[in-house]
Amino acid sequence: MNRAKKIVIVSHCILNQNCVVKPYAKNGEYFLEFVKSLLTQNIGIIQLPCPEMTLLGLKRWGHVKDQFEYPGFLEASKNMLYPILNMVQDYLKNGYEIKGVYGIAGSPSCGVNKTCRANWEGEASCYENLDDILNRVKLVKEKGIFMEIFEKLLEERNIVLKFYDIDDWSEQID
Ligand code: SF4
């Protein structure tokens, strides 16, 4: 059957590395096995919007989660996610299986099992040097802000989905 009625939801950059903050873009082959395994099983792919590209553009600096925890970012993220939520709700109502949401480990927005935090603000000149800036960054075991909001919005509609980082994918899709 061509319509397998199975779907995964992926962070935007899994299918489009052009949106990633410099210099972190990976060669597309990094995701090839994952994407190929989905397509060969007729599993559909919903691509989330990239919140950072949408709100800050391609010339953005790298950020940490703390910098996105303000009402404007939260509201804009919700507005990006509502159309996805509506799709999820309709697919589930019609008997489709959403196999999971796949994010990017360590991302301040799309991390699932880990994200990055730091007490950063203001101009780089506020800090002693680059090491002073970089040494403040900590990887923590929590979701990035975009995935956190997505999970909460799903909960509000009584929908529970499994979340994975792309690094976890082979356990779940094989
Ligand atoms: S915000 Fe999300 S989709 Fe955009 S580049 Fe970062 S991890 Fe990828």
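Because the structure is predicted, anything quoted here is derived from the model rather than measured.

## Observations concerning the site of the ligand
Part 1: Around the ligand, the structure places H12, C13, C19, V20, C50, P51, E52, R60, I104, S107, S109 and C110.
Part 2: If you list the elements that add at least two residues to the shell around the ligand, you get α1 (12–15) and α3 (51–56).
Part 3: Classifying every residue of the shell around the ligand gives 7 nonpolar, 3 polar and 2 charged.

## What to know about the pairing of strand β3 (residues 97–103)
Part 1: For β3, the tally of buried residues reaches 5 of 7 residues, placing the bulk of the element in the interior.
Part 2: As paired strands, strand β1 (residues 6–10) and β3 are joined by 5 bridges and run parallel to one another. Across the sheet, K6 pairs through a bridge with E97, a residue of β3.
Part 3: Bridge analysis of β3 against strand β6 (residues 163–165) gives 3 bridges, and the strand direction is parallel. Looking at the pairing, V101 lines up with F163 of β6.

## Side note on the pattern of salt bridges
Two side chains bearing opposite charge may form a pair once their charged atoms approach each other closely.
Part 1: Scanning all chains against the criterion turns up 10 salt bridges.
Part 2: Between R60 and E52 there is a salt bridge whose closest N-O contact spans 3.2 Å.
Part 3: Its relative accessible area of 10% is what places R60 among the buried residues.
Part 4: The exposure class assigned to E52 is buried, which follows from its relative accessible area of 9%.
Part 5: For D132, the salt bridge identified is with R136, shortest N-O distance 3.2 Å.

So, how was this worked out
- Residues numbered from 1 in each chain as written.
- Predicted model: local features only at pLDDT ≥ 70, side-chain atom pairs only at ≥ 80, totals over all residues.
- Heavy atoms only, no water.
- Near = heavy atom within 4 Å.
- Helix = DSSP H or I, 4+ residues; strand = E, 2+ residues; numbered from the N terminus.
- Nonpolar A, V, L, I, M, F, W, Y, C, P; charged D, E, K, R; others polar.
- Buried < 20%, exposed > 50% of the residue type's maximum accessible area, 1.4 Å probe, protein only.
- Pairing = 2+ DSSP bridges.
- Salt bridge = Lys/Arg side-chain N within 4 Å of Asp/Glu carboxyl O.

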